[in-house]
Amino acid sequence: YLELEFSDYIKEDIVKTIVLIRDVTMRKKAQIMLKKNQESYSKFIDILPDGICLIGNDLKINYANKSLLHMLEMDNLYQLIHLDIKDIINLTKEEKNLFDRKIKKVIKENKYMILLEYELITYNKNKVQVEVNAIPFYDEENYLMFIIKDLTYKKTSEMAEKEILERFKSDKIKTEFFANISHEFKTPINIILGIMQLLDSKIMRGDIYAKSNINLSGCIKSIKQNS
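The structure contained in this document is the topic of the report that follows.

So, about the overall build of the protein. In terms of regular secondary structure, the protein is built from 5 helices and 7 strands. When the helices and strands of the protein are listed from N to C terminus, the series reads β-β-α-β-β-α-α-β-β-β-α-α. For the protein, the exposed area adds up to about 17100 Å²; of that, 56% sits on carbon and sulfur atoms.

What follows is the structure, given as structure tokens:
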């Protein structure tokens, strides 16, 4: 690999050209290797389930992986590139100030930081619950790498778990209620059945005589059956 530089000069009213030829093979091979490494890193980052983006100190997005594009309901990187990271995060004025302070702290102290839970605004104006983390990243230039975890599944699971617990609590209350009602019914019914058995035994022994127009045994049988 060669690098050529051309420089014109005049000698005896004739324009001549000096050509400076440099051997840049080592530099070119290093660039090719770097590009291959970057492509490999990019392929690796693209298969990660979490959204990842690189932003400059101006908070403009320079790169995003496929997972983040999927979260944002975007088809390609050009829809996202050069947007301010705060354009895709649903922040109040107070939250924006806090967000800026945290970013400055990450840059100043050069350390990983959890930026808490936020809502992403998708291309179709939907909202996605996410957890945002930031870490300094250097690749020829200083960047911030944002790691964005989709909390939709977690939130859905938490809601489902909460609903199940509420249903379980409701079923428990119902069961206890019916158990108490059943107990309250059993007490007087058992007394009624006991009296019917006593009357039945007295009728059988002949201690009780009914008038001819009353079927006492049939009445007692009906009361026992319904009890």
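Here the narrative resumes, following the displayed structure.
A few words now on the nonpolar core. With 29 residues, the main nonpolar core has Leu68, Leu80, Ile85, Phe99, Leu115, Leu120 and Phe146 as its most contacted residues. Of all the secondary-structure elements, those providing two or more residues to this core are β3 (51-55), β4 (61-64), α2 (66-71), α3 (93-109), β5 (113-121), β6 (127-139) and β7 (141-150). Ignoring anything within four residues of it in the chain, the contact list for Leu120 reads Leu68, Met71, Leu72, Ile88, Ile89, Asn126, Lys127, Val128, Val130 and Ile148.

Bringing the packing of aromatic side chains into the picture now. Taken as a whole, this structure holds 3 aromatic pairs when the rule is applied. Judged by centre distance (5.5 Å) and plane angle (70 degrees), the rings of Phe177 and Phe178 are edge-to-face. Aromatic ring contacts, followed pair by pair, group Phe99, Tyr118 and Phe146 into a single cluster.

Looking now at α3. The end-to-end C-alpha distance of α3, which contains 17 residues, comes to 24 Å, matching closely the 24 Å that a straight helix rising 1.5 Å per residue would cover. Taken as a whole, α3 has its buried residues at Phe99, Lys102, Ile103 and Val106. The arc that holds every buried residue of α3, seen down its axis, measures 100 degrees, which confines them to one face. Those residues of α3 that are exposed and aimed more than 90 degrees away from the buried face are Lys93, Glu94, Arg101, Lys104 and Lys108. Directly after α3, the chain includes Asn110, whose backbone phi takes a positive value near 55 degrees.

For the rest of this paragraph, the subject is the pattern of salt bridges. Tallied over the entire structure, the rule returns 7 salt bridges. Residues Glu3 and Arg27 are paired through a salt bridge, measuring 2.8 Å at the closest nitrogen-oxygen approach. Taken as a pair, Glu3 in strand β1 (residues 2-11) and Arg27 in helix α1 (residues 25-46) lie far apart in primary sequence, 24 residues in all. Glu3 sits in the partly exposed class, given a relative accessible area of 25%.

Okay, the environment of Leu77 next. Among the secondary structure elements, Leu77 is positioned in the loop between α2 and α3. Through-space distance from the C-alpha of Leu77 to that of Asn65 is 8.2 Å; in sequence the pair is 12 residues apart.

Moving on to the side chain of Ser67. Its location among the elements puts Ser67 in helix α2. Relative accessible area serves as the criterion here: at 14%, Ser67 is assigned to the buried category. For Ser67, the contacting residues outside a window of four places in its chain are Asp46, Leu48, Pro49, Asp50 and Gly51.

Next up on the list: the environment of Met204. Among the secondary structure elements, Met204 is positioned in helix α4 (residues 152-205). Separated by 13 residues in the primary sequence, Met204 and Ser217 have C-alpha atoms spaced 9.4 Å apart.

About the criteria used
Residues numbered from 1 in each chain as written. Predicted model: local features only at pLDDT ≥ 70, side-chain atom pairs only at ≥ 80, totals over all residues. Heavy atoms only, no water. Helix = DSSP H or I, 4+ residues; strand = E, 2+ residues; numbered from the N terminus. Areas by Shrake-Rupley, 256 points an atom, 1.4 Å probe, with all protein chains shown as cover. Core = buried A, V, L, I, M, F, W, Y, C linked by side-chain atoms within 4.5 Å. Buried < 20%, exposed > 50% of the residue type's maximum accessible area, 1.4 Å probe, protein only. Contact = heavy atoms within 4.5 Å. Phe/Tyr/Trp six-rings, centres within 6.5 Å; stacked < 30°, edge-to-face > 60°. Expected span 1.5 Å × (residues − 1). Arc of directions from axis to C-beta. Salt bridge = Lys/Arg side-chain N within 4 Å of Asp/Glu carboxyl O.

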